[in-house]
Structure formats: structure tokens, C-alpha cells
Amino acid sequence: MTIIFAILIFSFLIFIHELGHFIAAKRSGVQVNEFSMFMGPAIWKKQKGETLYSIRCIPIGGFCAMEGEDSDTDNPRSFQKAVWWKRMIILIAGSAMNFIAGVLIMVIVFLPAQQFIVPTIASVEEGCLVAGPNGLQVGDTILEIDGEQVYVQSDVTTILSLKSGDVHDIVVDRGGQRVELNDFEMKKTLFGNEETPRYGFSFSIVDATLSSKLDYAWKNVLNSCRMVRMSLQMLVSGEASLNDMSGPVGIMGQMSDVAEQSETWVDGLLNMLYFGGFIAINLAIMNMLPIPALDGGRVLALLVTTAIVKITKKPVNPKIEGYIHAGGMVLLLILMAVIMFKDIFTIFKG
């Protein structure tokens, strides 16, 4: 059931993405030849006006085929004939729909919440090494750690784990004043007969109101955006590698694990929905990266070609851009295949 639910989430996000392109194209007067869910041979088709609507047999991907998208044509309603700003709106619309879907999913996930744990220190145990007049105090709200904003309580552990060593720069709100604890040693210790060292303080629990639920959902959206940025930074710096990346197969496995570890089926459903919201936001941002074949690469190419036309007064051959995006698509498909086989191998190995 978890695998089926995961496939449904992926299908929904793909549909929403392509629907964004479709609506923007129709509103901009661009002719849409086909709007398809999934890939491969069609199992259902329906012609309505100028557009063929179809469902295909391979539950991966989908497309919104616009007239003259990657080739030149004399059709006045082709994608290439539309003014540049309309083309940009069409290209951005898919990711915008994914982002909106991610926000709405996050709101749905946190609406049933009765309480939230907030990054405000509620109590400190005797023997805690990080508490004191020159350290953390009861009532402190942790705002930043090592320059990264703390949106939710779980950020504290996550951000602290990103930096080796125990010394961190921490900013707290103390009675309405911003207090900086620079080069502060966040050292864990053993309490009693415990075998695992802890910091020795606990966070506050507050009742959830409608406004706090919406605020908490938005903070998780911002957190998801940051996770994409930090992941890209780690890939570029070499801190993360291909082995740390997951494709649809790996993500479905992770979603299944999360659901199985949940105490009730409701918790499992909400956890999977949270995963879906996180993926939606990831797709929205990743798809806008200036990489050929992605919408971000197409937006960049659109801006460059528009500038060239303005300067030279000569049209740019759309085939050139088509070749660039085709090459990018081949490389992207190869990367996806490598990640997919890696995920499958990891599952069977486990």
C-alpha cells in the first residue's frame, strides 16, 4: 500500500507540474497539441478541440506538447511565436504549481496537530554542560546556529550535526533581546546510567492554534527549500556524492520505511504526505536550476536568445537550443538510470 501511495504522490506531482505548463500555455494563446499523463504507448486518448488528451502505460513522467516548442513553425500560435515574457511564464508555471502543491500539502499535514515542540528551552538538567550564565538558559529561543536560521525544533540537531566538532556560533532570543554565543561549546554528557550522551535540556511544547499551524507549515516549507540549497552545496563541495542521492525508487523505499515506523496508520499517512510535500518543493526548486533540459535551463536560454535578438536584430535558430536541451536530456536520463540502479542494488543488498 505504501508503494502504491508513493506512486500516486509522484503521479500527482507530475500531473500538477504539467498542468501548470498547460494552463499557462492555454491562457497565453499557445497551441497545445497533446497533454499526456505518463510515458510510453497510450492506453487512453481523447481529442478535444486542438488538444489530444492521453494516459500512457508507463507510470513515469508526462508532458505538455506545445506547437513549435523545440522547432520552428509558421503557426502564429506556436510557442516560439509567443512574446518572450509569455514563454517565460509558461516555463515557470510547472515549478510554480509544484511549489504551491508543496505548500498546501504541508498545511494539510499540520492542520490536525494539537501541539508543537518549539526551539525554546523549557528545562535544564543538573550537570548540563551547555547551560549557565554564559551559556544557554531556560526561556532562550534558539534563532540561529552557525549562520543557519532555526525554523523548527528539529533544525537544532540537524544543523549541529552538519559541522564537525562541538564549537558553534549560536544566536538566541533572551527576553526579547538578541544574544550571540560565539565559539560556544555544545558538548554532550552522560546522565545517570545512560549510555548515550545528551545535551541535557528540553524544548517547550505549545498548543497549536490555526495561525500557529499555518506558521509551522510555512516554516517547514522554508526548511525544505534550505535542504535543497544545502544538498547542492554539499554536492558541489564534495561533502556528498552520488551514493547520497536517491531517485524515485530510493524515495519510495524511504517513504515505505517512514510509514512502517509510524505508530498508527494516520501518522503513517501524514508522514508520507509530509514526504510528498518535501518532494514537491524539491522538484519545484531543482527543476528551475539553469541546466539544459530542465525548465530553468530553458528559461536561461530564453533570456539569452531574447537578448541576442534585441542586440543583433536577427532571430536565433531554435534548432540550436533544441540540440542543447536534447544533449542535456540524454545526460539527465543517464544520471537517473545510474541512480535508479544504485537504489535497486541498495534495496536488494539490504
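Fair warning: this is a prediction, and the values are worked out from it, not measured in the lab. Sequence order as written defines the numbering, with residues in each chain counted from 1. Local features in a predicted model are, by the rule used here, given only for residues with pLDDT of at least 70; side-chain atom pairs are given and counted only at 80 or more, and totals for whole chains, interfaces and linings are based on all residues. Excluding hydrogens and water, the side-chain values take into account all heavy atoms of the structure.

Comments concerning the side chain of serine 204
Heads up, the condition is: Working definition: helices are DSSP H or I runs of at least four residues, strands are E runs of at least two. Numbering for both runs from the N terminus. Contact between two residues is taken to exist if any of their heavy atoms lie within 4.5 Å; hydrogens are not considered.
As for its position among the elements, serine 204 is in strand E8 (residues 201–207). Leaving out residues up to four positions away in the same chain, serine 204 has contacts with Phe116, Ile117, Val118, Thr120, Ile121 and Ala122.

Observations regarding the pattern of salt bridges
Keep this limit in mind: Salt bridges are identified by distance alone: a Lys or Arg side-chain nitrogen within 4 Å of an Asp or Glu carboxyl oxygen. Exposure classes here rest on a 1.4 Å probe applied to the protein chains alone. A residue is buried below 20% of its type maximum, exposed above 50%, and partly exposed in between.
Within this structure, the stated rule accounts for 14 salt bridges. Salt-bridge contacts for arginine 56 lead to glutamate 34; the nearest nitrogen and oxygen are separated by 2.6 Å. Of this pair, arginine 56 sits in strand E2 (residues 51–66) while glutamate 34 sits in strand E1 (residues 32–48), and the two are 22 residues apart along the sequence. Here the two residues arginine 56 and glutamate 34 agree in accessibility, since each one is buried. Across the salt bridge formed by arginine 226 and glutamate 148, the nearest N and O atoms sit 3.7 Å from each other. Of the two residues, arginine 226 sits in helix H4 (residues 210–237) while glutamate 148 sits in strand E5 (residues 148–149), which places them 78 residues apart along the sequence. With relative accessibility at 7%, the residue arginine 226 sits in the buried group. The network of salt bridges with common partners includes Glu148, Asp155, Arg226 and Arg229.

What to know about unusual backbone geometry
Backbone geometry places phenylalanine 38, a non-glycine residue, at a positive phi of 75 degrees. If you trace the backbone, phenylalanine 38 turns up in strand E1. Positive phi outside glycine occurs at lysine 313, with the angle close to 65 degrees. Checked against the element boundaries, lysine 313 lands in the loop between helix H7 (295–312) and helix H8 (318–349). A residue is classified by how much of its surface remains accessible, and lysine 313, at 68% relative accessible area, is exposed.

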